[in-house]
Amino acid sequence: MALSSNHQTLIDNYLDAIWMEKGLSQNSLDSYGRDLKGFAAWLEPQKLTLLGISGKEIQWFLSHRFEQGLTARTTARQLSCLRGFYRYLVREKRIQEDPTALVDNPKLGRPLPKTLTESDVEELLAAPDVESALGLRDRTMLEVLYATGLRVSELVGLKLHQVNLRQGVLRVFGKGSKERLVPMGDEAMGWLERYTKESRPLLLNEVQSDVLFPSTRAQQMTRQTFWYRLKHYVQQAGIDKPVSPHTLRHAFATHLLNHGADLRVVQLLLGHSDLSTTQIYTHVASSRMKSLHAEHHPRG
């Protein structure tokens, strides 16, 4: 796009300055340049200049871009670019006041967590070879993770004394050392009983330890090791979507809500201190219910 020489010079000088100050990549510089040139090109037909505008014109520009179909995230990125540009102009004494100072950031909303279907989870849980000590340990870890919604750090850090098979609960210490009791369910309890009798003694090889799920070296497993084991089983199960330990936590919460669980109960089980953190899962569950309605209702 052809700009006036004054606008082109201002933009080029700014790009040179941030390249010197921040050592940005060429891709980042090109992105900043496109955003600034787009803004300048919008100003020129209205006889406005980069140096002679107020926050009102910036808000108009952002509204115009939003109406053209740009997402709130892209609009926020453009505003961030303009903020940097006008702070530079204030610093260089080209203008006295920053016109972006009173412009609010667009509300981005929170991205919906990616989750697994119930059939995906079944395929994943069936992937480990439970006839081997490692496979039985891994199957049990997956069962416990899905049954309880633990964070991966909570899972690998579990100790024997935190497990109460008689009552069917785990005593978990989450963020900020907050303690919570989490029920396991019959399936996870059954796997835990089998694992502690058959597999755990073999993995420990007579080493004394209170770690519930030891590594092959009879030590506490790292989060990274569990992530790699999970990745292996995801591939083995033929699940063609990104899966992390946190994905099973999302699945735990979403599937509970899909089956009618109360949101505050899910909050307690996940160990969220704020209900708003848990509410994101209601959107996932709502989306799932809409798709089920469309698929199965005669007038869907």
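What comes next is a walk through the structure. Chains are numbered independently. Their residues run from 1 in the order of the written sequence. Thresholds applied to this predicted model are a pLDDT of at least 70 for local features of residues and 80 or more for the giving and counting of side-chain atom pairs; totals over whole chains, interfaces and linings are not thresholded and use all residues. Side-chain metrics rest on all non-hydrogen atoms present in the structure, leaving aside hydrogens and water.

### Some points on the sheet that holds strand S2 (residues 169–173)
Here's step 1: The criterion for strand pairing is that DSSP finds at least two bridges linking the strands in question. Helix numbers and strand numbers start at the N terminus; a helix is a DSSP run of H or I with at least 4 residues, a strand a run of E with at least 2. On the basis of which strands lie adjacent, the open sheet formed by three strands has the order S1-S2-S3 and antiparallel pairing. The sheet terminates laterally at strand S1 (163–164) and strand S3 (179–183), the two strands that pair on one side only.
Here's step 2: Across five bridges, the pairing between S2 and S3 is antiparallel. From the neighbouring strand, Phe 173 faces S3, where its bridge partner is Glu 179.

### Focus: the nonpolar core
Here's step 1: Formed by 46 residues in total, the largest nonpolar core has its most connected members in Leu 124, Leu 155, Phe 213, Phe 226 and Leu 248.
Here's step 2: When residues in this core are grouped by element, the largest group, six residues, is from helix H6 (residues 133–148).
Here's step 3: We call two residues contacting when some pair of their heavy atoms lies within 4.5 Å. Dropping the residues within four chain positions of it, Leu 155 is found in contact with Met 141, Val 144, Leu 145, Leu 150, Phe 213 and Phe 226.
Here's step 4: In these notes, a set of buried Ala, Val, Leu, Ile, Met, Phe, Trp, Tyr and Cys residues joined through side-chain atoms within 4.5 Å is what counts as a nonpolar core. Relative accessibility under 20% of the residue-type maximum defines a buried residue, over 50% an exposed one, and the middle range a partly exposed one, all with a 1.4 Å probe and only protein chains included. Of all hydrophobic cores here, the second largest spans 28 residues; its members include Ala 40, Ile 58, Cys 81 and Ile 95.

### Observations regarding helix H1 (residues 5–22)
Here's step 1: Along its 18 residues, H1 runs 25 Å from first to last C-alpha, staying within 8% of the 26 Å computed at 1.5 Å per residue.
Here's step 2: Along H1, the positions that sit buried rather than exposed are His 7, Leu 10, Ile 11, Tyr 14, Leu 15, Ala 17 and Ile 18. Along H1, the residues classed as buried sweep out an arc of 160° about the axis, all on the same side. When the buried face of H1 is taken as reference, the exposed residues oriented beyond 90 degrees from it are Ser 5 and Met 20.
Here's step 3: Here the buried face of H1 lies against helix H2 (26–43) and helix H4 (72–91).
Here's step 4: Looking one or two places after H1, you find Gly 23, whose phi comes out positive at around 60°. An expected span of 1.5 Å times one less than the residue number is assigned to each helix. In this description, one arc is meant: the one made by directions from the helix axis to the C-beta atoms.

### Here's the deal with the pairing of S2
Here's step 1: Relative to S2, S1 runs antiparallel, the two being bridged by two bridges. Considered in S2, the bridge of Asn 164 is made with Val 169.
Here's step 2: Counting the residues in the hairpin turn of S1 and S2 gives four residues, including Gly 168, whose phi is positive at 75°.

### Details of H6
Here's step 1: With 16 residues, H6 should cover 22 Å at 1.5 Å per step; its first-to-last C-alpha distance of 22 Å lies within 8% of that length.
Here's step 2: Counted residue by residue, H6 has 13 buried out of 16 residues, so it is predominantly covered.
Here's step 3: Positive phi appears at Gly 149, one or two residues downstream of H6, with a value of about 70°.

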